[in-house]
Amino acid sequence: MAQKNSIISAIDIGTTKIVAIIGRKTDSGKFEILGVGRHDSKGVRRGEVLNIEETVRSIQAAVDEAESNAGLKIKEVYVGIAGAHIRSQRTSGYIQLGSDEEEITEAHTNELMDQMYNTAVNMGEEIIHVLPQGYTVDDAVGVENPIGVAGKRLEGNFHVVIGKISAANNIKKCVTRVGLKVKKLVMEPLASSRAVLSNDELEAGVAMIDIGGGTTDLAVYRDNCIVHTAVIPLGGYSVTSDIKEGCKIVLRYAEKLKKEFGRALVNSSDKNKVVKIPGINGMPHKEISFVHLAGIIQARMEEIIEQVIYHLDSNNLRGSLGAGIVVTGGGSMLKTLPQLMSYKTGQMARVGKPRVAATGDSSEIVHDPALATAIGLIMEGHDDLNGKNKNKESNNLFEFETPVAEEKTEETENKQETTQQKNGKNIKNKVKTLFGDLFDLDDTQM
């Protein structure tokens, strides 16, 4: 059995879904997902918690499912934060060292980062992340890692992520009321990037676009450094709402239409194709044209892409994307979306799936783009617990439900057998249930 400090739990609080996930990194270096819980999100809009009670119930349901699958009791979690309130800015600072012969240490770089956390922000805001973009030691510019270098002055450029204090506090409040402690808040596009981008893409220059339910997150990297982040207040739910209004149908049918028949580009070959939607309360079926459906979807996706282009061009970044665009998240599963993205931006585009070499039955789970943020949180948590991120804290993330018995009895043996049977269920079947059809419709209805 894995050691406690090798297992990480995380919660992705989205507008349309809440995902609780428990995973670990094995001795072979591969990630294994032990349990996943997914529940419809209630009380969240565009990444911000607006109803505490409903959000708490949704989180509790997702956590219960994950704990049941993993056979573990969660105590602390890494939690994603996003929303239209998130903004970023570039800043710099410096510190003077004692002499030319003094070597720069981790304490010096931490001092400089702590200085950035004191950067002035607007009232009601707080700094969520300080991300180094590069250092200068005396006259040497572009030093990636200054530790061990001798110098008299250390200067750094940083990408500072800022968010509303109230939004962060509401997330923490919801998680706390479920009985969990927030280990750290992590900006969701950073987590998604960690899960789907390769080292070569980070070096060549890449834009990661995570299309969630309520927001679309953008993170741009160049030369292994993050250079821009943004949150666009539109996402997959906007597309579903457009289909609902454009086709005059109920929301659950609009979501099913989008997932099963939706395309991001209108295809003239589909002009004679239609899909029948069940009538309401005994009314006749309604026919929806494939071309009409694709037209609605394409219009909204173009609006999202145009906002992405605005962020890229206003920061002179579109010309530096050597690796193009990687689109991920639940919204990335729309057919022909990479083609539309490439056509509108003039860049190569692909769908990004989590880049983790999962073991055993978890292999089907980890390659779902909708779980990119959740899996990225697990990866970020692993680095944090192993000292690769700043502010390392306690490793005691959770307790096992079944303690090791000091003395075997007939009763304890029966309990252990029951627990083993429960934990030995095939995760693959659970995942099929977890990510199965979202709507209870007869096959003849559509």
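Description of the structure in this document. (Residues numbered from 1 in each chain as written. Predicted model: local features only at pLDDT ≥ 70, side-chain atom pairs only at ≥ 80, totals over all residues. Heavy atoms only, no water.)

## Overview of the pairing of strand β7 (residues 76-81)
Stage number 1. In terms of burial, β7 is a largely internal element, six of the six residues being buried.
Stage number 2. Inspection of the sheet shows strand β1 (residues 7-13) paired to β7 by two bridges, in the parallel sense. Opposite Ala10, over in β7, you have Tyr78 as the bridge partner.
Stage number 3. Bridge analysis of β7 against strand β12 (residues 181-187) gives six bridges, and the strand direction is parallel. Note that in β12 the partner of Val77 across the bridge is Val182. (Buried < 20%, exposed > 50% of the residue type's maximum accessible area, 1.4 Å probe, protein only. Helix = DSSP H or I, 4+ residues; strand = E, 2+ residues; numbered from the N terminus. Pairing = 2+ DSSP bridges.)

## Concerning the sheet that holds strand β11 (residues 153-164)
Stage number 1. Spatial ordering of the open sheet is given by β8-β11-β9-β10, a layout of four strands whose pairing is antiparallel. Whereas interior strands pair on both sides, the edge strands pair on one side only; in this sheet they are β8 (87-96) and β10 (140-143). Sheet twist, expressed as the average angle between the axes of neighbouring strands with direction ignored, equals 35°.
Stage number 2. Sheet analysis places strand β9 (residues 125-137) next to β10, joined by three bridges and oriented antiparallel. Residue pairing in the sheet places Val137 in a bridge with Ala140 of β10.
Stage number 3. Helix α2 (residues 106-117) rests against β8, β9 and β11 of the sheet, and its axis sits at about 135° to β8. (Axes fitted to C-alpha atoms, helices over the stretch in contact; angles between N-to-C directions. Contact = heavy atoms within 4.5 Å.)

## Brief notes about the packing of aromatic side chains
Stage number 1. For the coordinates displayed, the defined rule picks out two aromatic pairs.
Stage number 2. Taking the centre distance of 6.1 Å and the plane angle of 85° together, the rings of Tyr135 and Phe158 count as edge-to-face. One end of the pair, Tyr135, is in strand β9; the other, Phe158, is in strand β11, with 23 residues separating them in the sequence.
Stage number 3. Owing to a relative accessible area of 6%, Tyr135 belongs among the buried residues under this scheme. (Phe/Tyr/Trp six-rings, centres within 6.5 Å; stacked < 30°, edge-to-face > 60°.)

## Considering the environment of Gly352
Stage number 1. Tracing the backbone shows Gly352 in the loop between β19 (349-351) and α10 (363-366).
Stage number 2. Leave out the neighbours within four places in its chain, and Gly352 touches Val196, Val326, Val327, Thr328 and Pro369.

## What to know about the sheet that holds strand β15 (residues 225-232)
Stage number 1. The strand order across the open sheet built from five strands is β15-β14-β13-β18-β19, with neighbouring strands paired in mixed fashion. Both outer strands of the open sheet, β15 and β19, are each paired with one neighbouring strand and no more. For this sheet the average axis-to-axis angle between neighbouring strands, irrespective of direction, equals 20°.
Stage number 2. Direction of pairing for strand β14 (residues 216-222) relative to β15: antiparallel, over a ladder of seven bridges. By the bridge assignment for β15, Val220 is matched with His228.

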